[in-house]
Structures are given as C-alpha cells and as structure tokens.
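# Overview (structure and organization)
One letter stands for each residue in the lines below.
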Amino acid sequence: MKEEKAITRSEQAKDTIPQVANQEKTEEIEEGSLNDIRFGDWEETDWHNNDYFRFLRKCLDACYDGIENEDTEILKRYELPLKSKFAIFRAEPFLLGGMFITFIFLDKPETLYQTAVYSNVDEKRKIVTGYSLYSLRKLKEPSPLTKEEILEIVKENPILQLW
C-alpha cells in the first residue's frame, strides 16, 4: 500500500496562482483577429512575464508618485497599497482587446483586484503599439492566499514573479 503524502495549503495554492491563459486559449483566438496579433505567438513564459503586467506596475507607480493621467485616475478611486509588490492570480485575453488581470498585493493579500489593460494594435505592421488601463475593481471573492503562501509559491516556481 502506498503512503499518501500530506498536501499543505501552500501546495494546494500552487494550483491557484496564477491561473493563466494557456496555449488552448491562444488557439481559441480567431486567426487574423487583433487578439491574434496581441497573443498569437505567445509561449508559456509570455503568460507570466509580459508588457501588460509591466504597464500595470508602471500605472501603480505613477499613481503613487502623484502623476495625473487617464490611467492613474482609475486607480485613485481605490485605497491601494500602490508601492507593494503584487502577484498575478489570473491573466487572460478579453474579446475587446487586451488582457484581464486579477492580482493580489503582498501588503493586502486578503483582497483580489481585477483590471483590464487594453492594448493598441497597428494592424498594418501587426504589432502592439501601446497600453491603456480601462478599469479596476475590487473583487468580492476573498483571496485564498496569505502573504507567506504567495512568497512560497513564487519561490518554488521560478517562472512566477512579483511585480
């Protein structure tokens, strides 16, 4: 009889963060669509490290620094731990163009936030030319993770990172 290994909450959480779009999602994107230009050639690493996440970090930093623009106006409505690092909980393309990102701040791990980062596409050159923050909302669903669990998951999975 095999001895079963006890599974810790941290190990269970590894299956939770991040729930990223995978190759199947990319294949579902209509060929020739703007989202095909955005995500069509993405590999697994692109779903964990991309300009959408970097843009979100840039917007949070700008809001913290008091810079006023369309992107930071969206963020100012919420009490956010702006300088805190965050982890990606979920990331997936959305039909209107860009990416839905659900994330958790390390300094406020009990709360999940979701944003939509839109990306502009130059159809002739078939490239993404810029980003805009379209929305931000605090989710009612509580985060299943603690700060310690997030840090452990990132430590154990080198493809994941804090932003």
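What you are looking at is a predicted structure, and each value in this text was computed from that prediction instead of being measured.

### Topic: the overall build of the chain
Scanning the chain for helices and strands turns up six helices and five strands. When the helices and strands of the chain are placed in sequence order, the string is α-β-α-α-α-α-β-β-β-β-α. For the chain, with 163 residues in total, the buried portion stands at 45%. Considering only contacts in the chain between residues 6 or more positions apart, those separated by 24 or more positions represent 56%.

### Section: helix α4 (residues 51-64)
If you check α4, its first and last C-alpha atoms are 20 Å apart, about what 14 residues at 1.5 Å a residue would give, namely 20 Å. Among all positions in α4, only Y52, F53, F55, L56, R57, C59, L60, A62 and C63 are buried. In the stretch just after α4, G66 is the one whose phi turns positive, near 85°.

### Some points on the pairing of strand β3 (residues 99-105)
Side-chain positions along a regular strand alternate between the two faces of the sheet. When you tally the buried positions in β3, you get six out of seven residues, the bulk of the element. Sheet analysis places strand β2 (residues 86-93) next to β3, joined by seven bridges and oriented antiparallel. Along β3, the bridge assignment pairs A91 with I101. Counted along the chain from β2 to the antiparallel partner β3, the turn is five residues long, and its residue G97 has a positive phi close to 110°. What sits between the antiparallel neighbours β3 and strand β4 (residues 108-122) is a turn of two residues.

### Structural notes on the nonpolar core
Grouped together as the largest cluster of nonpolar side chains are 26 residues, with contacts concentrated most on M99, I101 and F103. Mapped by element, the contributors of at least two residues to this core are α4, α5 (70-76), β2, β3, β4 and β5 (127-142). A per-element tally of this core places α4 first, with seven residues. Setting aside chain neighbours within four positions, we find I101 in contact with Y52, F53, L56, I88, R90, Y113, Q114, T115 and V117. Counting residues in each nonpolar core, the second largest holds eleven residues, with I104, L112, L139 and I150 among its members.

### Describing helix α6 (residues 147-156)
Buried residues of α6: E149, I150, I153 and V154, and no others. For α6, the angular spread of buried residues about the axis comes to 135°, placing them on one side. Those residues of α6 that are exposed and angled more than 90 degrees off the buried face are E148 and K155.

### Overview of the packing of aromatic side chains
Applying the stated criterion across every chain, the model contains 15 aromatic pairs. On the numbers, 5.1 Å between centres and 15° between planes, the contact of Y118 with Y134 is stacked. Pair noted here: Y118 is in strand β4 and Y134 is in strand β5, with a separation of 16 residues, a long-range link. With relative accessibility at 51%, the residue Y134 sits in the exposed group. One cation-aromatic arrangement involves R38 over Y118; the distance from NZ or CZ to the ring centre is 5.2 Å.

### Notes on the pattern of salt bridges
A full pass over the atoms with the stated rule returns eight salt bridges. Between K147 and D107 there is a salt bridge, with its nearest N and O atoms 3.6 Å apart. Of the two residues, K147 sits in helix α6 while D107 sits in the loop between β3 and β4, which places them 40 residues apart along the sequence. In the salt-bridge network here, residues are joined through shared partners; they are R57, D61 and K83.

Calculation rules
- Residues numbered from 1 in each chain as written.
- Predicted model: local features only at pLDDT ≥ 70, side-chain atom pairs only at ≥ 80, totals over all residues.
- Heavy atoms only, no water.
- Helix = DSSP H or I, 4+ residues; strand = E, 2+ residues; numbered from the N terminus.
- Buried < 20%, exposed > 50% of the residue type's maximum accessible area, 1.4 Å probe, protein only.
- Contact = heavy atoms within 4.5 Å.
- Expected span 1.5 Å × (residues − 1).
- Pairing = 2+ DSSP bridges.
- Core = buried A, V, L, I, M, F, W, Y, C linked by side-chain atoms within 4.5 Å.
- Arc of directions from axis to C-beta.
- Phe/Tyr/Trp six-rings, centres within 6.5 Å; stacked < 30°, edge-to-face > 60°.
- Lys NZ or Arg CZ within 6 Å of the ring centre and 35° of its normal.
- Salt bridge = Lys/Arg side-chain N within 4 Å of Asp/Glu carboxyl O.

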